[in-house]
Amino acid sequence: MLVDVHAHIDFSHFDQDRDEVIKRAEKEKILIVTSGMGSGGMKRTLELAERYENIFATLGVSPTEFDEREIEDCINLIRDNRDKIIGIGEVGLDYYWVKESEKRKHEMKNFKRFIELSNELDLPLVVHSRDAEEDVIKMLRDFDTGAILHCFGGSVKLAEEAVMSGSLISIPTSVVYSKQKQEMVREIPLKDLVLETDAPFLAPVPRTRNEPINLKLSVQKIADIKGVDIAVVEDTTTENAKRFFNLV
Ligand SMILES: [Zn+2]
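Quick caveat: nothing in here was measured; it's all calculated off a predicted structure.

Colleague: Break down the pairing of strand E8 (residues 193-196) for me, citing the residues and quoting the values.
Modeller: Side-chain alternation along E8 places Leu193 and Leu195 on one buried face and Val194 and Glu196 on a second face that is also buried. Examined bridge by bridge, strand E7 (residues 168-172) and E8 share four bridges and lie parallel to one another. Directly across from Ile171, in E8, lies its bridge partner Leu195. Following the backbone out of E7, through helix H7 (residues 179-187) and into the adjacent parallel E8, one traces a crossover that is right-handed.

Colleague: Help me get a handle on empty space enclosed by the protein, residues and values and all.
Modeller: Per the counting criterion, the structure on display carries two cavities of 30 Å³ or more. In this model, the largest cavity occupies a volume close to 60 Å³. If you trace the largest cavity, you find it lined by Val61, Ser62, Pro63, Glu65, Ile71, Val91, Gly92, Glu107, Asn110, Phe111 and Phe114. Elements with a minimum of two residues in the lining of the largest cavity: strand E4 (87-94) and helix H4 (101-121). If you tally residues by element for the lining of the largest cavity, the top one is H4, at four residues.

Colleague: Go over the coordination of the zinc ion, please, and point to the residues and values.
Modeller: Under perfect tetrahedral coordination by four donors, a metal shows angles of 109.5 degrees; under perfect octahedral coordination by six donors, it shows angles of 90 or 180 degrees. Bound to the zinc ion on the protein side are His6 (NE2), His8 (NE2), Glu90 (OE) and Asp198 (OD), at distances that span 2.1 to 2.3 Å. Relative to the metal, the four donor atoms surrounding the zinc ion lie at angles of 83 to 173°, and the coordination shape comes out irregular. Of note, the donors binding the zinc ion are all from one chain and are spaced H-x1-H-x81-E-x107-D. Pair check on accessibility: His6 and His8 agree, each one buried.

Colleague: Describe the layout of surface pockets, with residues and values.
Modeller: Reported here for the largest pocket is a volume of approximately 630 Å³. Along the wall of the largest pocket there are 28 residues; nearest its centre are Glu90, His128, Arg130, His150 and Asp198. Among the secondary structure elements, those contributing two or more residues to the lining of the largest pocket are E4, strand E5 (125-130) and H7. Top contributing element to the lining of the largest pocket by residue count: E5, with three residues. In this structure, the second largest pocket spans a volume of roughly 180 Å³. The wall of the second largest pocket is formed by Ser118, Asn119, Asp122, Leu123, Pro124, Leu125, Thr145, Gly146, Phe244 and Asn246. Tallied by class, residues from the lining of the second largest pocket come to four nonpolar, five polar and one charged.

Colleague: Tell me about the pairing of E4, and name the residues and values.
Modeller: Counting buried positions along E4 gives eight out of eight residues, so the element sits mostly inside the fold. Two strands pair when backbone bridges link them, and strand E3 (residues 55-60) and E4 are joined in this way by two bridges, in the parallel orientation. Its bridge partner lying in E4, Leu59 is registered against Ile88. Of the pairings in the sheet, the one linking E4 to E5 comprises six bridges and is parallel in character. Each bridged residue has a counterpart across the sheet, and for Leu93 the counterpart in E5 is Ser129. A crossover links E4 with its parallel partner E5, the connecting element being H4, and its sense is right-handed.

Calculation rules
Residues numbered from 1 in each chain as written. Predicted model: local features only at pLDDT ≥ 70, side-chain atom pairs only at ≥ 80, totals over all residues. Heavy atoms only, no water. Buried < 20%, exposed > 50% of the residue type's maximum accessible area, 1.4 Å probe, protein only. Helix = DSSP H or I, 4+ residues; strand = E, 2+ residues; numbered from the N terminus. Pairing = 2+ DSSP bridges. Right-handed = clockwise from strand over helix to strand, strands pointing away. 1 Å grid on protein atoms, 1.4 Å probe; cavity = no way out; pocket = protein on both sides within 12 Å on 5 of 7 lines; lining within 4 Å. Points joined across faces, edges and corners; volume = space filled by probe spheres on them. Donors = N, O, S within 2.8 Å, 3.2 Å for Na, K, Ca; no water. Tetrahedral: all angles 85-135°; square planar, octahedral: opposite > 155°, others 65-115°. Nonpolar A, V, L, I, M, F, W, Y, C, P; charged D, E, K, R; others polar.

Shown next as structure tokens:
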């Protein structure tokens, strides 16, 4: 069994063949944690989790969302569906798209609300950070909160700091070609890693659509890098994900 800890199965990229994509994953014993973004995405994602045995939902809001009304709607949806979801995310900080310091402060304020919500509802966090890794790790540390750091783009040193404060580093399928991700795999112990596709993005072949069965390619690549059997990669990352999300 494998766990794809972060994907977006509700996205329109899957409108033509969503059922087949999910069943292909199910056949390979892959559990999918799909992330519903914004109030519309949240509703679609809750439906998917209800409908399919191998789909679990996390609900989040893009860090670049500043519409207060939408953010409040999203917070209410998370509260109302507390028992139907396994985590909050993705939420976080994005400094790639947001350059103005005022707006970055606003992002931090919103991220803080979701960290507090995760503590209050006792739901783990899946965190997005783009060019904002230091601030993300500092904020998680301030709140004494561990998280899954999805598609972590920071340095190995920052990743080491994050795992010391209880976070897990999520390795995307782009590890097949990305030197930065390969270095992360080399340096961070397997006990601190989980796997994701971020489907439809970050495919093992650039500019193609990604889907959960591609996790198998990550497993092979990580086994090669670590010099261990693929079963070790499968079992360890699956255990890590299940423990993190309290999946039995
Ligand atoms: Zn994502």
